[in-house]
Amino acid sequence: MKVELLSYTQDPITTIEKAASTCYDSDITDGKIMRHCYKSGHHSVLEFADFTFKISGVSRALTHQLVRHRCASYAQRSQRYCKEDGFEYIIPNSISRDCANLALYETMIKTIQNVYKEFLDRGIPAEDARYVLPNACETEICVKMNLRELIHFCNERLCACAQWEIRQLAQAMKKEVNEVAPELAKFLVPKCESHEIPYCNETKSRSCGKHKTTKEIMEVLIKSED
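Residues numbered from 1 in each chain as written. Predicted model: local features only at pLDDT ≥ 70, side-chain atom pairs only at ≥ 80, totals over all residues. Heavy atoms only, no water.

**Q** Would you take a moment to explain the overall build of the protein chain for this structure?
**A** A count of helical and extended segments in the protein chain gives 9 helices and 4 strands. In the protein chain, the order of α-helices and β-strands from amino to carboxyl end is β-α-α-β-α-β-α-α-α-β-α-α-α. Compactness check: the protein chain gives a C-alpha radius of gyration of 22 Å against a globular reference of 17 Å for 226 residues, more than 25% above the reference. By its C-alpha atoms, the protein chain is 65 × 50 × 25 Å across when sized along the principal axes. The proportion of buried residues among the 226 residues of the protein chain is 37%. Sequence separation of 24 or more characterises 67% of the internal contacts of the protein chain that already satisfy a separation of 6 or more. Averaging the locations of the 31 positively and 32 negatively charged side chains of the protein chain gives two centres separated by 3 Å. (Helix = DSSP H or I, 4+ residues; strand = E, 2+ residues; numbered from the N terminus. Rg over C-alpha atoms; globule rule 2.2 N^0.38 Å. Buried < 20%, exposed > 50% of the residue type's maximum accessible area, 1.4 Å probe, protein only. Contact = heavy atoms within 4.5 Å. Lys, Arg positive; Asp, Glu negative; His and termini not counted. Charge placed at Lys NZ, Arg CZ, Asp CG, Glu CD.)

**Q** How should I be thinking about the packing of helix α1 (residues 12-24) against helix α2 (residues 32-40) in this particular structure?
**A** The packing of two helices is summarised by the inter-axis angle and the distance between the axes. Relative orientation of the contacting elements α1 and α2 amounts to 70°, with a least axis distance of 8 Å. Accordingly, the angle class assigned to the pair α1 and α2 is roughly perpendicular. Between α1, through Ile-13, Ile-16, Glu-17, Ala-20 and Tyr-24, and α2, the contact on the second element is made entirely by Lys-32, Ile-33, Met-34 and Cys-37. Considering only residue class, the contact of α1 with α2 consists of 7 nonpolar, no polar and 2 charged. (Axes fitted to C-alpha atoms, helices over the stretch in contact; angles between N-to-C directions. Parallel < 35°, antiparallel > 145°, perpendicular 65-115°, else oblique. Nonpolar A, V, L, I, M, F, W, Y, C, P; charged D, E, K, R; others polar.)

**Q** Can you walk me through the side chain of Gln-113 in this structure?
**A** Looking at the element boundaries, Gln-113 is found in helix α5 (residues 99-121). On the basis of relative accessibility, which here comes to 14%, the residue Gln-113 falls in the buried class. Not counting residues within four places of it along the chain, the set of residues in contact with Gln-113 comprises Gly-86, Phe-87 and Tyr-89.

**Q** Even after reading the chapter, I still don't get α1, so can you show me in this structure?
**A** Residues separated by three or four positions in an α-helix point in the same direction, a consequence of the helix having 3.6 residues per turn. For α1, with 13 residues, the first-to-last C-alpha span of 19 Å sits near the 18 Å given by 1.5 Å per residue. Within the span of α1, buried status applies to Pro-12, Ile-13, Ile-16, Glu-17, Ala-19, Ala-20 and Ser-21. On the buried face of α1, the contacting elements are α2, β2 (50-59) and α7 (147-157). One or two steps after α1, the chain reaches Asp-25, where phi turns positive at roughly 50°. (Expected span 1.5 Å × (residues − 1).)

**Q** Mind showing me how you'd approach helix α8 (residues 164-180) here?
**A** Taking 1.5 Å per residue, 17 residues should reach 24 Å; α8 reaches 25 Å between its end C-alpha atoms and fits that length. The set of residues buried in α8 consists of Glu-165, Ile-166, Leu-169, Ala-170, Met-173 and Val-177. When α8 is viewed along its axis, its buried side chains cluster within an angular range of 140° and face the same direction. In this structure, α8 carries Lys-175 and Glu-179 as exposed residues pointing more than 90 degrees from its buried face. (Arc of directions from axis to C-beta.)

**Q** Help me out: how do you make sense of unusual backbone geometry in this one?
**A** Leave glycine aside and you will find that most residues have negative phi; peptide bonds, for their part, are mostly trans. Unusually for a residue other than glycine, Asp-11 sits at a positive phi of about 50°. Within the secondary structure, Asp-11 sits in the loop between β1 (2-8) and α1. Since its relative accessible area comes to 45%, Asp-11 is described here as partly exposed.

The structure is reproduced here in structure tokens:
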């Protein structure tokens, strides 16, 4: 996986504060207004800061999840116009760590590669031959997110419950942003840590255990009232 920050809003906090100051007829601060807006739920002003990433070496399975984040812009490698003969592919660790599973996986991929190429050789257009391509097929995609959507993306995809590949992507995107705007790192966190007092809103069976679940907190509160 490779993630590159192609462009971003320079001095994002000041840009956001300039927008927010219009709402409140206030002066620009050192981030106080932005933090207030974030805590109070006035998140629309966060949309004035943009970040554009180029992402490569990831699976189509990942990008199918990624594009569900609708408040973003996408430009992805086309399997209709680009030939995928000899395509690279992603291997999950759960498969690669077992020799028998890995052999079965790679046999399947090789079969698909051969069938795809055979279809092209027979004159089947790439837009139809692509129907046999797997979710494992490597792809690349450009993504533009404003800060509001990037925060939401990290809240959801840095969670331990997120699928492993998109969680790695979220970590890499956060790292890229941290290089140019480290002051934003505190917002790019799992959803459990987006609250002033961290808590997990998953069930206990799904929780990573780092923070108490809402059910556990409620049980403590009810017990304290008895």
